[in-house]
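Coordinate analysis (summary)
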Amino acid sequence: MTILVTGGAGFIGSNFVLDWFAGHDEPVVNLDLLTYAGNLQNLQSVATDPRYRFVRGDIGDNDLVARLLRESAPRAVINFAAESHVDRSITGPEAFVQTNMVGTFRLLEAVRHWDGRTPEFRFLHVSTDEVYGTLEPDDPAFSEVSRIAPNSPYSASKAASDHLVRSYFHTYDLPVLISNCSNNYGPFQFPEKLVPLCIHNALAGKALPIYGDGLQIRDWLYVGDHCSALRAVLDRGLPGEVYNVGGGNEKTNLDTVRTICTTLDKEVPRDDGAHYADQMTFVRDRPGHDRRYAVNSAKIQRELGWSPTESFQSGFEKTVQWYLSNRDWTDQVTSGAYRDWVEAQYA
Ligand code: NAD
Ligand code: DAU
């Protein structure tokens, strides 16, 4: 038995692969294009593990995916591969349409035409709560039947991919599962996203950019808890079903950044005795910025017995500790040095 993971060199994918090997002997094939967001250093600890195989390539490359399916005969495909950063989707939406929509379509096609599928086979598509759009302050949290109403090119491209995945269940009987998760944080997150960006900038004495008034709300989930939710969906989810995954931790961006700052104040006080929060700087808002996300996880809790283990406090402390203990990882990413290996390897 083998699982084929796509986008496994990114933030959530690499956490998933590491978590998987901590609890399974089942081999993993990791197909990743190694865009700017893919970093094989995340998986250095398993690089020579006989259970692990890395293949550099595009989920949109039909021939490659068809070959990998034939060679590895996976019992599941877990699709993490995506362009994932909202700000980049605003400045350059094309790549989002290409990877998230066309790429997912081609991956589905390759799986549909592969004749080696067993009855146990599953296609798990990893998606986002952003497909549901934005909430008013008193609205109930997003459930699996909430209206799909994406507001950014990123979330629109993810919503389109979710629709395609769903259609392959109804039209072709492909046993698909979809998960829609809230904001993740934890080790190996690319420092363009709020949490690692603020940790890095704080330590570098730079501004911590707060978009607009900073009162936008996100529902934070520790990445390890997302990984356990995905394993639950893969093991026990019903084909054709959607599962929402959230942390139950609604925080304004101001609260989130302040939590990071107070943890840093405790762990690595500034030399001048000032507080890291003094570095918070209000900047121009993100166009089309969703005001509030909140996810109702009742279905996955009730039907699959999943619940998160980290609280907001414990998860953020753990995360700040990880970035403090792995400053070379962030340095390699922010300096661009992590790309050198890719350039040399694939010259
Ligand atoms: P990421 O940007 O850190 O990683 C994406 C990975 O996909 C990278 O390794 C990249 O090289 C790879 N990739 C990109 N295009 C590819 C292609 N055409 N073929 C093969 N590989 C390709 O993203 P992430 O934050 O780890 O998110 C993973 C998935 O989870 C995405 O689908 C995202 O929409 C979803 N998601 C993310 C969050 C979050 O908070 N980060 C929350 C919910 C859902
Ligand atoms: O909700 C799930 C989504 O969470 C995932 O689908 C996306 O892939 C992931 O990137 C994330 O999207 P967000 O846009 O919510 O994450 P980001 O870290 O970019 O921003 C979090 C919030 O912080 C958001 O309200 C924008 C704000 N922000 C972000 C950055 C980078 C700032 O105020 N300043 C910043 O510098």
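In this report, we go over the structure that sits alongside the text. Predicted model, so just to flag it, every value in this text is computed and none were measured.

Turning next to the site of ligand 1. Taken together, the neighbourhood of ligand 1 is formed by 28 residues, with Ile12, Asp32, Ser84, Tyr154 and Lys158 sitting nearest. Between ligand 1 and the protein, one listed contact pairs an oxygen atom with a side-chain N or O atom of Asp32 at 2.6 Å. Within the backbone of Leu34, one N or O atom sits 3.4 Å away from an oxygen atom of ligand 1. Counting only elements with at least two residues in the shell around ligand 1, the list comes to α1 (11-23), β5 (122-128), α5 (153-172) and β7 (183-185). Of the residues forming the shell around ligand 1, the biggest block, three residues, is contributed by β5. Among the residues forming the shell around ligand 1, the class breakdown is 13 nonpolar, 12 polar and three charged.

Okay, the nonpolar core next. Ile3, Val5, Phe16, Ile78 and Ile300 are the most contacted members of the largest nonpolar core, which has 33 residues in total. Residue assignment for this core shows that the elements contributing at least two residues are β1 (3-6), α1, β4 (76-79), β5, β6 (176-181), α7 (223-236), β10 (242-245) and α9 (298-304). Among the elements that take part in this core, α7 stands out by supplying six residues, more than any other. Excluding residues that lie within four positions of it along the chain, Phe16 makes contacts with Ile3, Val5, Ile78, Phe80, Cys227, Leu230 and Arg231. By size, the runner-up hydrophobic cluster in this structure holds 28 residues, among which are Ile199, Ala202, Ile210 and Met280.

Tracing the backbone shows Ser228 in helix α7. A polar contact is formed between the side chain of Ser228 and the backbone oxygen of Asp225, at a distance of 3.0 Å. A polar side-chain atom of Ser228 sits 2.9 Å from a polar atom in the side chain of Trp306.

The rules we used
Starting afresh in each chain, residues are numbered from 1 along the sequence in its written order. Lettering of chains starts at A and numbering of ligands starts at 1, both following the order in which they are written. In keeping with the model being predicted, local features are shown solely for residues with a pLDDT of at least 70 and side-chain atom pairs are shown and tallied solely at 80 or more, while totals for entire chains, interfaces and linings include all residues. Side-chain metrics rest on all non-hydrogen atoms present in the structure, leaving aside hydrogens and water. Definition of nearness: a residue and a molecule or strand are near each other if at least one heavy atom of the residue lies within 4 Å of the molecule or strand. Counted as a polar contact is a pair of N or O atoms within 3.5 Å, where, for protein atoms, one must be capable of donating a hydrogen and the other of accepting one, and residues adjacent in sequence contribute only when both atoms are in side chains. Numbering of helices and strands runs from the N terminus; a helix is a DSSP stretch of H or I covering at least four residues, while a strand is a stretch of E covering at least two. Residues are sorted three ways: Asp, Glu, Lys and Arg are charged, Ala, Val, Leu, Ile, Met, Phe, Trp, Tyr, Cys and Pro are nonpolar, and all the rest, Gly among them, are polar. Side-chain atoms within 4.5 Å are what join buried Ala, Val, Leu, Ile, Met, Phe, Trp, Tyr and Cys residues into a set we call a nonpolar core. Accessible area is worked out with a 1.4 Å probe on protein chains only. A residue is then buried under 20% of its type maximum, exposed over 50%, and partly exposed in between. Note on contacts: a residue pair qualifies if any of its non-hydrogen atoms lie within 4.5 Å across the two residues.

Just geometry here; none of it tells us what the structure is for.
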